[in-house]
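Structural overview
Okay, here's what each chain looks like letter by letter:
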Amino acid sequence: MAESPKNEIVTIPSARLRALPADRVTYVEIGEDSDGQRLDNFLFRLARGVPKGHVYRVIRAGEVRVSRKRAKAETKLVLGDVVRIPPMRVAERAAGPAPAAPLAEGTLPVLHEDRHLLIVLKPAGLAAHGGSGISHGLIERLRATRPDEPFLELCHRLDKETSGAIIIAKTRKALVRMHDLMKEGGVEKHYRLLVKGDWVNERQHVKHPLERYLLPSGERRVRVSPDGMSAHTIFTVIRRFGAVTLLDAELKTGRTHQIRVHAATEGFPLAGDDKYGDFAFNRELTHGLLGAPLKRMFLHAWNLKFIHPVTDEPLDIVAPLPADLAEVVRVLEAKGKE
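Residues numbered from 1 in each chain as written. Predicted model: local features only at pLDDT ≥ 70, side-chain atom pairs only at ≥ 80, totals over all residues. Heavy atoms only, no water.

With that settled, the discussion passes to the layout of surface pockets. Counted as a void, the largest pocket has a volume near 1700 Å³. Residue lining of the largest pocket: 45 residues in total, with Arg157, Asp159, Gly254, Arg255 and Thr256 positioned closest to the centre. Class assignment of the residues belonging to the lining of the largest pocket gives a composition of 15 nonpolar, 14 polar and 16 charged. (1 Å grid on protein atoms, 1.4 Å probe; cavity = no way out; pocket = protein on both sides within 12 Å on 5 of 7 lines; lining within 4 Å. Points joined across faces, edges and corners; volume = space filled by probe spheres on them. Nonpolar A, V, L, I, M, F, W, Y, C, P; charged D, E, K, R; others polar.)

Structure (structure tokens):
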């Protein structure tokens, strides 16, 4: 009887592996997409649906090997490591939501792209990520649009109603370093906003602490509270138009709804803000009170300045105002010259 051939060990690059086979041992070579990631988090990403307790058990039992050696859950993977992963069956689960649809061409204008970072102009109305009743946001649809990209992760977030520049990491190294840079205040963020009223000071520091809370409906809101987290916004007047003022807001901290709540607390709610704004004023704006209809909140992430976390290149990213906001400003400036 002929001897059966010896099983060949095939090593799969981590960038090409989307899920683990459930019926055989898998050997995965660590690429840039997983360089520096903890072993347990790496396995959670590949073994979606496998109970976390089972993942930890196979690690403790020594069934998972990193470059032929036993490893701990907290072991940091290194470029070129080969990880041996035993068969792990996915638990049966109910059918999930439909896959994210690719974005139409031109939906996300690219402001900057290199090997490590992608910076795009997010439109208003598109959530940054899925969750809270939203099946798919920008990041899920971007992954569907770029299926050959091994790694795409948000470095920060923008509210669904806010347009403007948003940074996506294309490598884990860039993601980790961008998070560190943001924690250290190394990213200068400027927004353009239109508020109701004639803003008092040409330049004003606002430092009200902010606290998150839930409405009875479960909707998330933010309020000024002495028990809240520290928050700091610098508002600078760009142009006064009487009934409204165009401002620049520089974020020194990045709290949820920070600009919106700080402006409203000072007595100058954002034009079109449906959470903290002047609702009667907003209704008038939709009907052309300013000379051009405004049917969304006027808040736009306009400028990002930082040193590239991998290449050390200085970046100064400007996201032009979307057409609807630019038209409101154009009409206001034309009226001001009359």
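Still to come is the rest of the account.
When two helices pack together, you describe them by how their axes are tilted relative to each other and by the distance separating the axes. Contact pair helix H1 (residues 39–46) / helix H2 (residues 52–60): the axes reach a minimum separation of 10 Å and the direction vectors enclose 130 degrees. One element, H1, and the other, H2, form an angle in the oblique class. Viewed along their axes, H1 and H2 form a crossing whose handedness is right-handed. Between H1 and H2, the residues in contact are Leu39, Asp40, Leu43 and Phe44 and Lys52, Val55, Tyr56 and Ile59, respectively. Tallied by class, the residues present in the contact of H1 with H2 amount to six nonpolar, no polar and two charged. (Axes fitted to C-alpha atoms, helices over the stretch in contact; angles between N-to-C directions. Helix = DSSP H or I, 4+ residues; strand = E, 2+ residues; numbered from the N terminus. Parallel < 35°, antiparallel > 145°, perpendicular 65-115°, else oblique. Left-handed = near helix turned anticlockwise from the far one by under 90°. Contact = heavy atoms within 4.5 Å.)

On to the pattern of salt bridges. What the rule picks out here adds up to 22 salt bridges. Glutamate 161 serves as the salt-bridge partner of arginine 260, at 3.7 Å between the closest nitrogen and oxygen. Here glutamate 161 lies in the loop between strand S8 (153–154) and strand S9 (163–169) and arginine 260 lies in helix H5 (residues 258–265), a separation of 99 residues in the sequence. Judged by its relative accessible area of 1%, arginine 260 is buried. Residue classification places glutamate 161 among the partly exposed positions, given a relative accessible area of 23%. A salt bridge links arginine 223 to glutamate 211; the nearest nitrogen and oxygen atoms lie 3.0 Å apart. With arginine 223 in strand S13 (residues 220–224) and glutamate 211 in strand S12 (residues 210–214), this residue pair connects regions lying twelve residues apart in the sequence. (Salt bridge = Lys/Arg side-chain N within 4 Å of Asp/Glu carboxyl O. Buried < 20%, exposed > 50% of the residue type's maximum accessible area, 1.4 Å probe, protein only.)

Let's shift gears to the sheet that holds strand S1 (residues 11–13). Through backbone hydrogen bonds, the strands of a sheet pair up, either in parallel or in antiparallel fashion. Taking strand neighbours across the sheet as the criterion, the five strands line up as S1-S2-S5-S3-S4 in an open arrangement whose pairing is mixed. Strand pairing shows two members of the sheet lacking a second neighbour, S1 and strand S4 (69–70), which therefore form its edges. Relative to strand S2 (residues 26–29), S1 runs parallel, the two sharing three bridges. Paired with proline 13 across the strands is glutamate 29, a residue of S2. The strands that H1 touches are S2, strand S3 (65–66) and strand S5 (82–85); relative to S5, the one it contacts most, it runs at about 60 degrees. (Pairing = 2+ DSSP bridges.)

Another aspect to go through is H1. Within H1, seven of the eight residues are buried, which leaves it mostly tucked inside the rest of the structure. Every buried residue of H1 is accounted for by Leu39, Asp40, Phe42, Leu43, Phe44, Arg45 and Leu46. Elements that come into contact with the buried residues of H1 comprise S2, H2, S3, S5 and helix H4 (172–183).

As paired strands, strand S11 (residues 203–206) and strand S14 (residues 233–240) are joined by four bridges and run antiparallel to one another. Of the residues in S14, the one forming a bridge with valine 206 is threonine 233. Where S14 meets strand S15 (residues 244–251), seven bridges bridge the pair, whose relative direction is antiparallel. Note on S15: the bridge partner recorded for phenylalanine 235 is alanine 249.

A word on helix H3 (residues 138–145). Listing the buried residues of H3 in full gives Leu138, Ile139 and Leu142. One face of H3 carries all of its buried residues, which in axial projection span an arc of 90 degrees. Contacts from the buried residues of H3 go to strand S7 (117–122), S8 and S9. (Arc of directions from axis to C-beta.)

Mean pLDDT over the protein chain: 89, with 91% of residues reaching 70 or higher. Between residues 1–7, whose pLDDT stays under 50, and residues either more than four places distant or in other chains, the model counts zero contacts. (pLDDT = per-residue confidence, 0-100.)

Both trends apply: most residues other than glycine have a negative phi, and most peptide bonds are in trans. Phi at arginine 68 takes a positive value of approximately 70 degrees, unusual for a residue other than glycine. One can find arginine 68 in the loop between S3 and S4.

We now examine the nonpolar core. Among the nonpolar cores identified, the biggest contains 31 residues, and Leu138, Ile168, Leu193 and Phe235 are the most heavily contacted of them. Of all the elements in the fold, those that place two or more residues in this core are S7, H3, S9, strand S10 (188–196), S14, S15, H5 and strand S16 (299–307). Apart from the residues lying within four places of it in its own chain, the contact partners of leucine 193 are Phe235, Thr245, Leu246, Leu247, Asp248, Ala249, Ile259, Leu270, Phe298 and Leu299. Grouped together as the second largest cluster of nonpolar side chains are 22 residues, Ala47, Val50, Val55 and Ile85 included. (Core = buried A, V, L, I, M, F, W, Y, C linked by side-chain atoms within 4.5 Å.)

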